[in-house]
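Inside the fold
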Amino acid sequence: MLTVGIDTGGTFTDFVAGDSVLKVRSTPDDPTRAICEGLARLGIDEARRIVHGTTVATNALLTGDTARTAFVTTAGLEDLLEVGRQDRAELYAISPRAHDPLVAPADRFGVRERLRPDGSVETPLHVDDLAARLIASGVQAVAVCLLHAYRNPAHERELAEALSETGLPVSLSHEVANEFREFERAATTTANAALMPVMAPYLTRLADALAQHDVEILQSNGGTAPPAEIARLPVRTVLSGPAGGVIAATDLARRHEITDAVSFDMGGTSTDVALLRNNAQGDPEVMPEFRIGGLPLRVPVLDVHTVGAGGGSLVHTDALGALRVGPQSAGADPGPACYGKGDRATVTDAHAVLGHLTAADALAGTLSLDVDRARRALADPSLGSASPEQNAADVLLVANAVMEAAIRKVTVMRGVDPRPCTLIAFGGAGGLHACALADAIAMRDVLIPVAPGTFSARGMVDAERRRDFVRTVLLPAADCVARLPELLEPLRGENGAGETANPAQRLSAVERVWADVRYVGQSHELRVAADADLVRSFHDAHLAAYGYHDEARPVEVVNLRLTISEPVPREAPWPKTPPSEPRSAPARMQRSELEGSVSGPTVIVEETATTVVPDGWRATCLAGGALLLERNE
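Here the residue numbers are simple positions, counted from 1 along each chain's written sequence. Restriction of local features to residues with pLDDT of at least 70 applies here, the model being predicted, together with a cutoff of 80 or more for giving and counting side-chain atom pairs; totals for whole chains, interfaces and linings are based on all residues. Here the side-chain values reflect all heavy atoms present in the structure, with hydrogen atoms and water set aside.

Section: the packing of aromatic side chains
As a reminder, the rule being used: Think of it this way: a Phe, Tyr or Trp ring, Trp meaning its six-membered ring, pairs with another when their centres are within 6.5 Å, and the plane angle makes it stacked under 30 degrees, edge-to-face over 60, tilted otherwise. Think of it this way: any DSSP run of H or I at least four residues long counts as a helix, any run of E at least two long counts as a strand, and we number them from the N terminus. Note on classification: 1.4 Å probe, protein chains only; a residue is buried when its accessible area is under 20% of the maximum for its type, exposed when over 50%, partly exposed between these limits. We count a charge as sitting over a ring when the NZ of a lysine or the CZ of an arginine lies within 6 Å of the ring centre and within 35 degrees of the ring normal.
Across all of its chains, the model carries four aromatic pairs by this definition. Arranged with centres 4.8 Å apart and planes meeting at 70°, the rings of Tyr519 and Phe538 form a pair that is edge-to-face. With Tyr519 in strand E26 (residues 510–519) and Phe538 in helix H17 (residues 534–546), this pair connects stretches of sequence that are 19 residues apart. With respect to class, Tyr519 is no different from Phe538; both count as buried. Over the face of the ring belonging to Trp574 we find Arg255, whose NZ or CZ atom lies 3.7 Å from the ring centre. Stacked on the ring of Trp514, the Lys or Arg Arg527 has its end atom at 4.0 Å from the ring centre.

Here's what the structure looks like:
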């Protein structure tokens, strides 16, 4: 069955179906309309497998447009979300910004109950009149996080049954983040509850509109899940969109036998970067936690760093008169000024003024640019100059600085030298900035995939079905290794379980087992493969991360993590393309016209994106159609 990848972005919704690609303007008020329009334009009227990456959960958390949520916890812990861990992210800020607890004080409820750390009952659960109080409060969802529920979920299940009469969606911590650390578990459960009333109507509209198709939703971990599962666990889609690009970039690097790379996905609203290291197996790095709005979400996510700089990012000056780009975006409506509706300048308008994009270019195959409108938007003297060209050049410098910092964050700030890495650039605007960024960081070369503007949707086509399970064990490493089959059995039992699942949804193809490990007494863990070499792997990982290890110190396993997936077939690596003598290129050329190698300066135009090849660089068309951009000798 043909798989269709659909990536809903801030400006465009992208489609990949076999060799066909398409971009249509997003419809933020109801993303389903753009999806239906794109499928109609592609002529897809038969049942297909559709993998959809969504930004609905991400946008809701970033904007605060979530449901009013009640937080129910063990009496005495009502202010847990407010207290947090008292970390100060901005060490020298005179007025540090507190994280958003998501729940107002009036909507926090304590219940009488207490479990001991081993899960045994010290105080039985007393529900009292909680259901009536919740109904009277006017909340739209309920998050339940009881002390030590990760050891024994009995009280949470009993409470959920008692609250069923309210008719409110209830999120239970042992189902969302079944591991210790109350604050992180509570924050994740509350975010999940706050998203349930937001995602459920969207998923219902999507299911109704695509009833004849087999629809799957891309999760933040790079795997897919059915809509019914996502409706119950929407927090697992907070990085749904960027995950598609990382999957595609990982596979592209593997097929070109590139070991170390940085994926660079510049879309209309944001730029997403990820470090791809030791890429021989083609498995991107998955992290157990992600922060958004200052709150830690304990869900498996691909290791992606996002900044608010995209093609549609608005240009403005701050209180001191300094030029800024983003994080606010012109979005799909009105979009950049050169799209014909907006009047405020964006990064895309800067490219139009400088000639990288022209009125002759039909963006997304249909959208003609109004370059004069872009010039008027960038002629504002408050931006620093009365010259649109000078302002445009300054805008690109600022945007590049923001994105350069993002790349350094996933490389230099982690002790990784970016110079030997390949920059895999995609998204509608990735090719416009790639060489400038590679020069700024002295990266080796740049790889531009086929149809870069829809590359994230390509990754969704290649995504595997996947489920992640976690269990807190807190055992000495040797005991954990000896008891591994026994400890994993409850996690295997969760596969396909749950009220929304059915036997056909069980996954059984490939298992991967990981352990969160630390020296006894440490507060944080490192993830290593859970096998007979677990202790040796941890010592090596600790040495690599911190520059030292202590083999005489006892080692403890905190959590076991089980991943069950059904991988998609992977094609063999492409043959190497023999080097050719670069020839001079016209100022602008179609990508379909490129054969062998050409020297810059030139602009390579295609339907979904544009690539700038500066002076001193050359572009080579590789096997499989990707463009390799390298500096001339």
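So, the sheet that holds strand E5 (residues 69–74)
What counts, and what does not: In short, DSSP must find at least two bridges between two strands for them to pair. Only the contacting stretch of a helix is used when fitting its axis, a line to C-alpha atoms as for every element, and angles between N-to-C directions run 0 to 180 degrees. Note on contacts: a residue pair is in contact if any heavy atoms of the two residues lie within 4.5 Å.
In space, the five strands of this open sheet follow the order E7-E6-E5-E8-E9, with mixed pairing throughout. Either end of the sheet is taken by a strand with one partner, and the two such strands are strand E7 (121–126) and strand E9 (170–172). Shown here is a sheet whose adjacent strand axes are inclined to one another by a mean of 25°, direction ignored. Direction of pairing for strand E8 (residues 141–145) relative to E9: parallel, over a ladder of three bridges. In the sheet register, Ala143 faces E9, and the bridge partner there is Ser171. Helix H5 (residues 154–163) rests against E5, strand E6 (108–115), E7, E8 and E9 of the sheet, and its axis sits at about 5° to E7. Packing against the sheet, helix H7 (residues 182–209) makes contact with E5, E8 and E9, and its axis sits at approximately 160° to E8.

Details of the packing of helix H2 (residues 56–63) against H7
Put simply, the rule is: Each angle receives one of four descriptions, namely roughly parallel if under 35 degrees, roughly antiparallel if over 145, roughly perpendicular if within 65 to 115, and oblique otherwise. Left-handed describes a crossing whose near helix is turned anticlockwise from the far helix by less than a right angle; the clockwise case is right-handed. Any residue outside Ala, Val, Leu, Ile, Met, Phe, Trp, Tyr, Cys, Pro, Asp, Glu, Lys and Arg is labelled polar, Gly included; the first ten of those are nonpolar and the last four are charged.
Between H2 and H7, the shortest axis-to-axis distance is 10 Å and the interhelical angle comes to 130°. Looking at the two axes, H2 sits oblique to H7. Seen from above, H2 lies across H7 with right-handed handedness. On H7, the residues that touch Val56, Ala57, Ala60 and Leu61 of H2 are Ala191, Leu195, Val198, Met199 and Tyr202. Of the residues contributing to the contact of H2 with H7, the split by class is nine nonpolar, no polar and no charged.

A few points about the pairing of strand E28 (residues 555–566)
Counting buried positions over the 12 residues of E28 gives 11, a clear majority of the element. Pairing of strand E25 (residues 464–476) with E28 involves 10 bridges; the strand directions are antiparallel. Considered in E28, the bridge of Arg466 is made with Ser565. Summarising the sheet, E26 and E28 pair through 10 bridges and their orientation is antiparallel. From the neighbouring strand, Glu511 faces E28, where its bridge partner is Ile564.

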